[in-house]
Structure formats: C-alpha cells, structure tokens
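Tertiary structure, described
So the chains spell out like this:
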There are 2 protein chains.
Amino acid sequence: MYKNFVNEYEGFVKKFNLTLKNYVNMSDFPSLYKPIQYILSSEGKRLRPFLFYLSSKVYNVPNDKIFQLALSVEMLHCFSLVHDDIMDEDDLRRGKETIHKKWDLSTAMLVGDAIFALVYKNINELNNTKKVLDAFSKETINLCEGQSLDKIFESKNSISIDDYLNMIELKTGSLLSLSCKLGGILGDITEDEINKLGNFGNFIGKAFQIQDDILEIYSDSLIMGKSLGSDIIFSKKTFLTCLANELNSKKWNLLNNQIYDKDLNNYTLPKLREFFDKHGIKTIAENKIKDFLDQGLSCIDFLPKDKQLFFSNYIKMILERKN
Amino acid sequence: MYKNFVNEYEGFVKKFNLTLKNYVNMSDFPSLYKPIQYILSSEGKRLRPFLFYLSSKVYNVPNDKIFQLALSVEMLHCFSLVHDDIMDEDDLRRGKETIHKKWDLSTAMLVGDAIFALVYKNINELNNTKKVLDAFSKETINLCEGQSLDKIFESKNSISIDDYLNMIELKTGSLLSLSCKLGGILGDITEDEINKLGNFGNFIGKAFQIQDDILEIYSDSLIMGKSLGSDIIFSKKTFLTCLANELNSKKWNLLNNQIYDKDLNNYTLPKLREFFDKHGIKTIAENKIKDFLDQGLSCIDFLPKDKQLFFSNYIKMILERKN
C-alpha cells in the first residue's frame, strides 16, 4: 500500500519534471531564460506540487488541470528560493551553484521576479481562477511576512518559542498550506473545508521545519552538504536555539561564547548536541513534531479514511526521506 | 483647455496619493509594512496611473474602478523601482534614501516581492479580471526582459541603436503600454484597438526614455539630484552613447579614454556635450523623440479627436515637466 504511494510520487515527479523543463522557451532572451531554465530544471523534490496533486486527487480533479497548476506551485517555490539564497548569501542549492553565485545579483533578482510573473501568467490560463489567485496572493504575502520576521530575528538575541513558531508557520507553512487548499478550491468545496486543508498544511509545515532544525545539528551529512558557517548557525533562529534560550538563557549564552568561531564539525556541533541532549531539548522538539503532525491530521478528519491516508502517507514519506 | 488638463492631473494625484497612502496596514509586521508604506507614500509623479486614468476616461470607466486598479499600476511600478535600485546600487529615489540603503538588501527584496503580490491581490478584488491579469503578467515579463538586457548591455562595449531601442521599449515602454491598454480592456474594446493603445504606450515610452538620456547629459540640475558617477555614465547605455559609437566608434572610444575618471561636472559633461553637439547626435536624438511621438499618436487616430487630445496633452505635460 505505502509502496504504491511512493511509486505514485516517483511517477508524478518524473512526469512533472518533463513539463517543468519545457515550460520556458529560451530562444529570445537567454540572459533571463537560461538561468530560469537552470533553476526550474534543478533536482527538486517537488514536495509542494505533489502535495497539491494529492489534495486534488481527493476531489477527482482532472490530471491535465493538476499538472498545469502544479507548475505555478513549484514556480512560486523556486521564486522564493532564488531570492532567499540572495538574502542568505547561500552558494549552493539543490546541489548546484545558486543563481546569484553562478551569474550575479541582478540576474538572480530578475529571474525571481520573472518567475513570479510566470506563476500568475500560468494560473490565468485556467478558467475560474478567482479563488486560486486569492490563495496564491495571500500565501505569497504570508511567505514574505515570514521571511521578513526570519531576517529580523537574526539580529535579535532572544526570540520566544511562540514568536518562532509564528514565523515558521508563515515562512514554511504558507506554501504547504497553499498546496493543500488548492485541491479543495479546484474541487469546489466549502470555505470551511478549504481552511481545514490549509491548517493541515500549516501544521505539517511547522513539523517539517522543526525536523530540519534538528537535522541541521544532528546530521553530519546535511551540514556538510550546505555552506553553513557557525555565524549562520548562531544568528539564524531555530526551534532548538530558541528553546535553549527560553529554558536556560544563562547557560545557553555562556555556551555560545565558548563555542563561537570554533571548528564547526569537531567542536561546535558536539558541544551543541551535548547541551541539547542534557537539557532534554531534542526530546521536546521531537515531541513537538509529533504534536503538530497529530494536530494537522485532526484538521482533515472530515475526509473519508482512504483520502486521509494520502496525507498520512505523505507525512511518512517526508519523515523517512529526511532521516 | 490645457490648463484644465493640468488641473485634472493635479486633482488626480492628490486623490490617488491619499488612497495609496492608506493602502497598507502597518500594525502586524512593521519590519515589512513600514518600508512598504515608505515607498508607497514617497513623492512619485504618478505618471503611469494617470495615463491609465486617461485611457479609462476614454471609455467612461467608473471612477471607483479606475482608482482601485490604478493602485496596482503604481504598485507594479514601485516594485520595479525598489528592485531596480538594488541592482543599480542607487542611494536616492524620489528625494529619499532607497530602501536597501535605509534598511538593507533583504528588506528591499522582500518589500519588492510583497508589493508584487499585493499588485495581484488588489487586481483580484475586481470582477472579470482575466484580460487585466494577462496584461499585467505579460508586461511584467517584458519589463524583466528589458531590465535583463539593460544589465547585460552594461558589460558590452558596443550596442547597436536597434538593440538599444528594443531594450527601452521593453524596459520603459512596458508599463506605459500596460497603462494605456488597461483602459481599453476595462472599456471592453476589440483586441486590435487594445493593441493600438498599447503601441502608443510603447512609442511614448521610447520617446520619454531618449528625453531622459538627453537630460542626463544636458541638465546640470538632474545630474546633481542623482548619485551618478562617471563609471555609471559610461557603463549604462543611452541613446546618445549608442549613437556616438555607431556613427564614429573610433573617436568615441578615444574620447571615453580621455574623460574617464575625470571630474564629472567640470570636465566630463562639457566634453560629452561638445562631442554630441559636434556630431549632430543631440539633434538626431531630438528628431527621434518627435518621430516616436508622432508614430505613437498615429496609433490612436482611431479615437475621436477630443479623446486623442487626452494623450497629446499628456505628452505635452511630460515634455514640459522634463525641461
């Protein structure tokens, strides 16, 4: 059963990648469309368009409609990645050089802007798109609000867990929420049920973000694949660091001073792990993930059992792939 | 008659500025909405929303509809300004510090992105917006293509006049073209007539850009109000510099080497003016402006004479304000 689900995911990704790869025509303005093609054809996991696919399957939306709108879902994600990478000064994305690194800042900005315009152009080729457009605009604004908070938090010493969770609901939750809502919108269900699907997306978004926060500290391979320095580790807020500060601010600050600017893999990370383990912070974070996933699933208990399974399988797949 | 027109413009700007100023609610996320408010309430000339107002008046579109969509026209312009200022590293805009200068790069990027999303959110609050949305997406993509060419041209020595005109049609023409077309779209006229209005916008966009190019060299006051260094003067392509290179590449390159890195106001500009005057380049540019304006006006000769006057008055007003 679950194996079929994973097969369906892999089939979706294969077909979707082909559509996405051929979406832009590079002939006219290679200075713009070559980097657009570069990011659209990079090896993404397509988790957002696949979540949208699942929510559409609940309501038997025809495949051609799903595949067309899935393009906008993934392109919106790509737009945010390209601009995010500029802001975070990241050099690597999906195993390739980021656009501002391979080309330059202006190219990366314009690529993001143009992809954003393509998102809307593509939506507008469908019919009856008022609610779809509303959802895209609303969640994009939420995304910007979340990213803005994230950047502001970097310059602050102390961020409460509540503020942190609010920020990741906006930053990570909004595109997952959008992906879930869109299936309901195309399925023409009630506003109330659409919102429940959206809430599911928000909860799993928070859960996945905390999972990422844990892996950033506990998985060597992930750290090594990214271009993180300890300054970024310390300025970027995570669930673990906010919790450490909230539970034991004095010792946490002392530790930060000790490990700042030290060798990341051989000194800093082991010290952080020791601290988080000793104070039960990792366990609290893991429980929070379970909690959010349960809350998310309870939002969609109005769906028939066999349809709920789409989403619990999705969660299972993501957690497995992240470990 | 013309005085009435200018009064109407000033009345429009006053009313429009009030609407625009109150558009965003700053309470929730000041880190994002304070700079958005800052750019939206800066002293713009509102030339694009006013052009849209005129094209709507031709078709007796109700005022409330005009004012709502005019917000999206101006916000699209603001989005492009905020991102443009980052790319051009400009410190000043509309007499105030640019957002990336007053805040930082991330804020300016997110402010642009969020305003872009607000453009679409606002459009979607109207009814029957398919053609409106199409026009916005298409012209935004044109704008990005134009900006991309503009940046690419900076790194090239020699750009032909044809390539330059093609670039400014995209970069400067697209939002003026959009503003003209929208009135026709709301007025529900034929596709053919909408395109004629759009072509008018493209032609006057090119004319105004060449006018700007001339003023950049010939008007002391403009230069002094901007933060231009001679490096920017030399890398940014203008109609005058492309023409100089096309007509007499050898002498032009010789001059560039002579005046590069010299005192801008006391040496470089006088030398440039001397060169452009001596080779008749300023005169050719001025004739080109007249030519584009005539071509633009001939695109809208299908309109009743009294409606054509809206647009000829608009041209007159802009040319006067620029001198």
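Residues numbered from 1 in each chain as written. Chains lettered and ligands numbered in written order. Predicted model: local features only at pLDDT ≥ 70, side-chain atom pairs only at ≥ 80, totals over all residues. Heavy atoms only, no water.

**Quick look at helix H4 (residues 63–88) of chain B**
All names here are of chain B. Rules: A run of H or I in DSSP becomes a helix once it reaches four residues, and a run of E becomes a strand once it reaches two; helices and strands are each numbered from the N terminus. The span one expects for a helix is its residue count, reduced by one, times 1.5 Å. Remark: exposure states derive from per-residue accessible area (1.4 Å probe, protein chains only) relative to the maximum for the residue type, with buried under 20%, exposed over 50%, and partly exposed in between.
Between its first and last C-alpha, H4 extends 37 Å over 26 residues, near the 38 Å set by a 1.5 Å rise per residue. In terms of burial, H4 is a largely internal element, 22 of the 26 residues being buried. One or two steps after H4, the chain reaches Glu-89, where phi turns positive at roughly 55°.

**Observations regarding the packing of helix H3 (residues 47–58) of chain A against helix H9 (residues 173–186) of chain A**
In a pair of packed helices, the angle between the axes and the distance between the axes together describe the arrangement. Residue and element names in this part refer to chain A. Under the convention used in this document: Here an angle of 0 to 180 degrees is reported between the N-to-C directions of two axes, which are lines fitted to C-alpha atoms, with helices fitted over the stretch in contact. Convention used here: angles under 35 degrees read as roughly parallel, angles over 145 as roughly antiparallel, angles from 65 to 115 as roughly perpendicular, and any remaining angle as oblique. The crossing is said to be left-handed when, going from far helix to near helix, the turn is anticlockwise and less than a right angle, and right-handed when the turn is clockwise. In this analysis, two residues are considered to be in contact whenever any of their non-hydrogen atoms come within 4.5 Å of each other. Amino acids are sorted into nonpolar (Ala, Val, Leu, Ile, Met, Phe, Trp, Tyr, Cys and Pro), charged (Asp, Glu, Lys and Arg) and polar (every other residue, Gly among them).
One way to put it is that H3 packs onto H9 with a least axis distance of 7 Å and a crossing angle of 30°. One element, H3, and the other, H9, form an angle in the roughly parallel class. Considering how the two elements wind past one another, H3 and H9 form a crossing that is right-handed. Residues Arg-48, Leu-51, Phe-52, Ser-55 and Ser-56 of H3 form the contact with H9, whose own contacting residues are Leu-175, Leu-176, Ser-179, Cys-180, Leu-182, Gly-183, Gly-184 and Leu-186. Class assignment of the residues belonging to the contact of H3 with H9 gives a composition of seven nonpolar, five polar and one charged.

**Concerning the interface of chain A and chain B**
Counted only if it meets this: Note: buried area is the sum, over both parts, of the accessible area (probe 1.4 Å) each one loses when the two are combined. Note on definitions: salt bridges are taken to be side-chain nitrogens of Lys or Arg within 4 Å of carboxyl oxygens of Asp or Glu. Two N or O atoms form a polar contact when they lie within 3.5 Å of each other; inside protein one atom must be a possible hydrogen donor and the other a possible acceptor, and for residues adjacent in sequence the pair counts only when both atoms belong to side chains.
Tallying the contact residues gives 37 residues for chain A and 37 residues for chain B. Around 3,400 Å² of area is buried between chain A and chain B when both sides are counted, 70% of it from carbon and sulfur atoms. Ranking the residues of chain A by area buried against chain B places Phe-29, Leu-110 and Asn-124 of chain A at the top, with a combined share of 17%. Run the count over chain A and chain B and you get zero salt bridges. For the pair chain A and chain B, the number of links is 12 residue pairs in polar contact (both at pLDDT 80 or more). If one sorts the elements of the side of chain A that touches chain B by residue count, helix H7 (residues 130–154) of chain A sits on top with 13 residues.

**Topic: the nonpolar core**
Test applied: As used in this record, nonpolar core signifies buried Ala, Val, Leu, Ile, Met, Phe, Trp, Tyr and Cys residues forming a set joined through side-chain atoms within 4.5 Å.
Phe-136, Leu-182 and Tyr-314 of chain A together with Phe-136, Leu-182 and Tyr-314 of chain B are the most contacted members of the largest nonpolar core, which totals 224 residues. Ignoring anything within four residues of it in the chain, the contact list for Tyr-314 of chain A reads Phe-5, Leu-47, Arg-48, Phe-50, Leu-51, Leu-54, Leu-176, Ile-204 and Phe-208 of chain A.

**Observations concerning the confidence of the model for chain A**
Rules: Per-residue confidence from the predictor is given as pLDDT, running between 0 and 100.
Scored by pLDDT, chain A comes out at a mean of 92, with 95% of its residues at no less than 70. For this predicted complex, the interface score ipTM comes out at 0.93, while the overall pTM is 0.94.

**Focus on the environment of Met-317 of chain B**
All names here are of chain B. Within the secondary structure, Met-317 sits in helix H16 (residues 305–322). Exposure remark for Met-317: the relative accessible area of 1% places this residue in the buried category. When the C-alpha positions of Met-317 and Arg-46 are compared, they lie 13 Å apart, and in sequence the two are 271 residues distant. In this structure Met-317 touches Tyr-2, Phe-5, Val-6, Tyr-9, Leu-47 and Phe-50, once residues within four positions along its chain are discounted.

**A closer look at the environment of Lys-102 of chain B**
Residue and element names in this part refer to chain B. With respect to the element layout, Lys-102 can be found in helix H5 (residues 99–102). For Lys-102, a relative accessible area of 43% corresponds to the partly exposed category. Taking C-alpha positions, Lys-102 is 38 Å from Glu-274, a pair spaced 172 residues apart along the chain. Ignoring anything within four residues of it in the chain, the contact list for Lys-102 reads Tyr-38 and Glu-97.

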